[in-house]
Amino acid sequence: MSKNEMHIQFSALSENESFARVTVAAFVTQLDPTMDELTELKTVVSEAVTNSIIHGYNDTEEGLVHIDCILVDGSVEVTIWDDGMGIPNLEEAKQPLYTSKPELERSGMGFTIMENFMDEVDITSIPGQGTTVRLVKHLKKSKTLCN
């Protein structure tokens, strides 16, 4: 079993969302994902990071967003977490079209998109302590890390 991993952390600034998305995509390209798989991964990273910035830290530009990315046996595991305010009602937050920030014209589809694009999605949140989103994608025709 070959394994490769990375960890990054960055300030909870909206402009860092694209940095996170591109960094994870660049790391994953060594497995030779399809364009669709890469687009789906970039989309879910964008959704999770945006949630951390907008909801976790209330768009205050304080705090850090963390990402672990592990490549193992043709699968990608991305864990994104913050130490922000957490989600008081996770089941409600996971409902399509739900948003805690309607004044920002948020679509409320982030968790739904994650669940549709990934093979596994695990979300844990503790109010006042933060949220962790674990995403797993099994790539269809990926290279192994030894190739």
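Residues numbered from 1 in each chain as written. Predicted model: local features only at pLDDT ≥ 70, side-chain atom pairs only at ≥ 80, totals over all residues. Heavy atoms only, no water.

In the nomenclature of an unreviewed UniProt entry, the chain corresponds to Anti-sigma F factor from the organism Pontibacillus salicampi. Of the chain, the UniProt comment under Sequence similarities (unreviewed entry) reads exactly: "Belongs to the anti-sigma-factor family." The UniProt entry for the chain carries this comment under Function (unreviewed entry): "Binds to sigma F and blocks its ability to form an RNA polymerase holoenzyme (E-sigma F). Phosphorylates SpoIIAA on a serine residue. This phosphorylation may enable SpoIIAA to act as an anti-anti-sigma factor that counteracts SpoIIAB and thus releases sigma F from inhibition." (UniProt positions renumbered as here; feature names shortened; annotations may be inferred.)

**Considering the packing of helix 2 (residues 35-56) against helix 4 (residues 110-117)**
Remark: helix 2 packs on helix 4, axes separated minimally by 9 Å, with the N-to-C direction vectors making an angle of 150°. Judged by the inter-axis angle, helix 2 sits roughly antiparallel to helix 4. Where helix 2 crosses over helix 4, the two elements pack in a sense that is left-handed. In this structure, helix 2 contributes Glu40, Thr43, Val44, Glu47, Ala48 and Asn51 to the contact, and helix 4 contributes Gly110, Phe111, Ile113, Met114 and Phe117. Residues that form the contact of helix 2 with helix 4 fall into these classes: six nonpolar, three polar and two charged. (Axes fitted to C-alpha atoms, helices over the stretch in contact; angles between N-to-C directions. Helix = DSSP H or I, 4+ residues; strand = E, 2+ residues; numbered from the N terminus. Parallel < 35°, antiparallel > 145°, perpendicular 65-115°, else oblique. Left-handed = near helix turned anticlockwise from the far one by under 90°. Contact = heavy atoms within 4.5 Å. Nonpolar A, V, L, I, M, F, W, Y, C, P; charged D, E, K, R; others polar.)

**Examining the pairing of strand 5 (residues 130-138)**
Relative to strand 5, strand 3 (residues 75-82) is paired through eight bridges, and the arrangement is antiparallel. Its bridge partner lying in strand 5, Ile80 is registered against Val133. The hairpin turn running from strand 4 (residues 120-126) into strand 5, its antiparallel successor, is three residues long, and Gly128 in that turn takes a positive phi close to 85°. (Pairing = 2+ DSSP bridges.)

**So, the sheet that holds strand 4**
Pairing between the strands of a sheet comes from backbone hydrogen bonds, and it takes one of two forms, parallel or antiparallel. Strand order in this open sheet of five strands is 1-2-3-5-4, and the pairing throughout is antiparallel. Each end of this open sheet is capped by a strand with a single partner; those strands are strand 1 (3-11) and strand 4. When the angles between neighbouring strand axes are averaged without regard to direction, this sheet yields 10°. Sheet analysis places strand 4 next to strand 5, joined by seven bridges and oriented antiparallel. What sits directly across from Ile126, in strand 5, is Gly130. Helix-sheet contacts for helix 1 (residues 16-28) involve strand 1, strand 2 (64-72) and strand 3, and the interaxial angle to strand 1 is about 170°. Here helix 4 sits on the sheet and contacts strand 4 and strand 5; the angle it forms with strand 5, its principal contact strand, is near 25°.

**Points about the environment of Ile70**
Inspection of the secondary structure assignment puts Ile70 in strand 2. Sequence-wise, Ile70 and Lys3 are 67 residues apart; in three dimensions their C-alpha atoms are separated by 7.0 Å. Ignoring any residue separated from it by four or fewer positions in sequence, one finds Ile70 in contact with Lys3, Asn4, Glu5, Ser75, Val76 and Glu77.

**As for the pattern of salt bridges**
In total, this model carries six salt bridges according to the counting rule given. Among the salt bridges present, the one from Glu77 reaches Arg134, with a minimum N-O distance of 3.2 Å. Here Glu77, found in strand 3, pairs with Arg134, found in strand 5; they are 57 residues apart in sequence, far enough to count as distant. The class for Glu77 is partly exposed, based on a relative accessible area of 25%. For Arg134, a relative accessible area of 24% gives the class partly exposed. With a closest N to O distance of 3.4 Å, Arg134 and Glu120 form a salt bridge. Within this pair, whereas Arg134 is found in strand 5, its partner Glu120 is found in strand 4, the two being separated by 14 residues in sequence. (Salt bridge = Lys/Arg side-chain N within 4 Å of Asp/Glu carboxyl O. Buried < 20%, exposed > 50% of the residue type's maximum accessible area, 1.4 Å probe, protein only.)

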